[in-house]
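Here are the chains, one letter per residue:
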Amino acid sequence: RKVEDIAPAIAKGFYIARSGRPGPVLIDITKNAQVDFGEMNYAPCMGFRSYKTHIPVEKTAIQEAAELINKAERPYIVFGQGVVLGKAETELKFFLDKTGIPAASTLLGSGAISQDHPNYVGKLGMHGNYAPNLLTNQCDVLIAIGMRFDDRVTGDLKRYAKQAKVIHLELDPAEINKNVKADIPVLGDCKESLSLLTAAVSEKTHPSWMAKFRELEQMEKDAVIQHDITPTKVGLTMGEVINLINQYKADDAVLVTDVGQHQMIAWRYFHYKKTRTQVTSGGLGTMGFALPAALGAQLHDYSRQVICVVGDGGIQMTIQELGTIMQTKAPVKIVLLNNNYLGMVRQWQQMFFDKRYSFTELDNPDFVKIAEAYSIKAQKVTDRGDLKEAIEDMLIHDGPFFLEVVVEKEDNVFPMIATGCSVEEVRLS
């Protein structure tokens, strides 16, 4: 309400946003404070009495969790963005190396460990991998690390991992027992709790349990992945575009996605080798997110390769950001997967509403002309024979690049767990 309060409020806001469980902060400044005059005395906030960011990890909880893990025959790790936000990637890797436990990531947890790690078994959720979803309901101990049991991960909560003892490593007390009851809650920063837990558990392997994941993984490859990345159709598929990008991208390239089918396909097939290589809207489901988010990621580090994958519906919600890209000359690589549909909505209308398509087919503008009007180099690909060269040209281009790829109009994203279904009802087709 007063001009002299602005600097301390902003300092306090930055402290809250960056500490504990990071997140956005709203600062409401009255009009009179905005237009008044005063001395600008800014000092960083180092903490305040009513806001506690550090929760000491209870040693008894660590011991109980270690004993349960040591006795487990089919333990299973599910990890989320808390590992990345807590900078606990190394601690997670050490924990996996010592315990030999299969581990799967949420959408936002992707990249916390390399997909090449021998314990990594895939992605969780509505359009995640077959084995990680199905075997959730066959593990005997479920170890959740820095994740909130979002409904896209759990499906029907009444049928989610009821056979398992649940260990939940979580910084925010509000997330404990919110969706899934934890038999052993381990409150605290997962960087600290993972380190303590690794020291307390026994070194072990689980070959027969891991073999089940690999067997189901092969089923998904035969039924879904082969079709997506090496298609026999005349038209291009979203999966083969992302698979080709993998061959030319940098290991630390940042994938920024919008919301829809392209988001799920990009997440499924982008090869995450390093941490902090994904930016996506997550649970908010905000169409139009990708283009401004990719610009933000690129402005943070001009030397980093930023690949923005977007659909023809979402990009039109924030397409004006091409003007900002032109002005800043940010070398964002924009890949528009154009199927002339609001693809995810169309998929639901096809599968659950007898193909009663309602306002999902799009009459699109000439995207290449729009990009070129903003002085951005652009190309449109409709034939498979031109795709490889176009992707290579895009990634080596010194500056922003707009690549439109026209893909199959009615391809669907599988596997899929329909709303209200159990994780073990995951469909391959």
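Residues numbered from 1 in each chain as written. Predicted model: local features only at pLDDT ≥ 70, side-chain atom pairs only at ≥ 80, totals over all residues. Heavy atoms only, no water.

## Things to note about the pattern of salt bridges
- For the structure shown, the criterion picks out 16 salt bridges.
- Here Asp 156 makes a salt bridge to Arg 159, at a shortest N to O gap of 2.9 Å.
- For Arg 159, a relative accessible area of 34% corresponds to the partly exposed category.
- Residue Arg 356 pairs with Asp 354 through a salt bridge whose shortest N-O separation is 3.5 Å. The pair formed by Arg 356 and Asp 354 is uniform in burial state, with each residue classed as exposed. (Salt bridge = Lys/Arg side-chain N within 4 Å of Asp/Glu carboxyl O. Buried < 20%, exposed > 50% of the residue type's maximum accessible area, 1.4 Å probe, protein only.)

## Structural notes on the packing of helix 10 (residues 238-248) against helix 16 (residues 384-396)
- In contact at an axis separation of 10 Å, helix 10 and helix 16 are set at 45° when each is read in the N-to-C sense. Put simply, helix 10 runs oblique to helix 16. When you trace helix 10 past helix 16, the crossing you get is right-handed. On helix 16, the residues touching Glu 240, Val 241, Leu 244, Ile 245 and Tyr 248 of helix 10 are Arg 384, Leu 387, Lys 388, Ile 391, Glu 392 and Leu 395.
- Tallied by class, residues from the contact of helix 10 with helix 16 come to 7 nonpolar, no polar and 4 charged. (Axes fitted to C-alpha atoms, helices over the stretch in contact; angles between N-to-C directions. Helix = DSSP H or I, 4+ residues; strand = E, 2+ residues; numbered from the N terminus. Parallel < 35°, antiparallel > 145°, perpendicular 65-115°, else oblique. Left-handed = near helix turned anticlockwise from the far one by under 90°. Contact = heavy atoms within 4.5 Å. Nonpolar A, V, L, I, M, F, W, Y, C, P; charged D, E, K, R; others polar.)

## Examining the packing of aromatic side chains
- Evaluated as defined, the whole model comprises 9 aromatic pairs.
- With a centroid separation of 5.0 Å and an interplanar angle of 75°, the aromatic rings of Trp 209 and Phe 213 are classed as edge-to-face. You can see Trp 209 and its partner Phe 213 sitting in helix 9 (residues 207-229), 4 residues apart, about one turn around the helix.
- Judged by its relative accessible area of 1%, Phe 213 falls in the buried class.
- An aromatic cluster is present here, built from Tyr 15, Phe 48 and Tyr 51 joined pairwise through their rings.
- Between the NZ or CZ atom of Lys 249 and the centre of the ring of Phe 270, over which it lies, the distance is 4.5 Å. (Phe/Tyr/Trp six-rings, centres within 6.5 Å; stacked < 30°, edge-to-face > 60°. Lys NZ or Arg CZ within 6 Å of the ring centre and 35° of its normal.)

## Thoughts on the sheet that holds strand 5 (residues 165-170)
- Sheet architecture is open: 6 strands sit in the order 3-2-1-4-5-6, paired in parallel fashion. In this open sheet, the two edge strands, each paired with only one partner strand, are strand 3 (120-123) and strand 6 (184-187). If you compare each strand with its neighbour and ignore which way they point, the axes differ by 20° on average.
- In terms of strand pairing, strand 1 (residues 75-79) meets strand 4 (residues 141-145) through 5 bridges, oriented parallel. Counterpart to Pro 75 in the pairing with strand 4 is Val 141.
- Lying over the sheet, helix 3 (residues 59-71) contacts strand 4, strand 5 and strand 6, oriented at roughly 130° with respect to strand 6.
- Of the strands in this sheet, strand 1 and strand 3 touch helix 9, which is tilted by about 45° from strand 3. (Pairing = 2+ DSSP bridges.)

## Section: the sheet that holds strand 7 (residues 254-257)
- With parallel pairing, the 6 strands of this open sheet are ordered in space as 8-7-9-10-12-11. The open sheet terminates on both sides in strands that have one partner only, identified here as strand 8 (278-279) and strand 11 (377-381).
- Relative to strand 8, strand 7 runs parallel, the two sharing 2 bridges. Across the sheet, Val 256 pairs through a bridge with Val 279, a residue of strand 8.
- Strands strand 9 (306-311), strand 10 (333-338) and strand 12 (401-406) of the sheet are contacted by helix 10, whose axis makes an angle of about 160° with strand 10.

## Structural notes on the environment of Gln 247
- Tracing the backbone through its elements, the reader meets Gln 247 in helix 10.
- Residues Gln 247 and Lys 123, spaced 124 residues apart in sequence, show a C-alpha to C-alpha distance of 21 Å.

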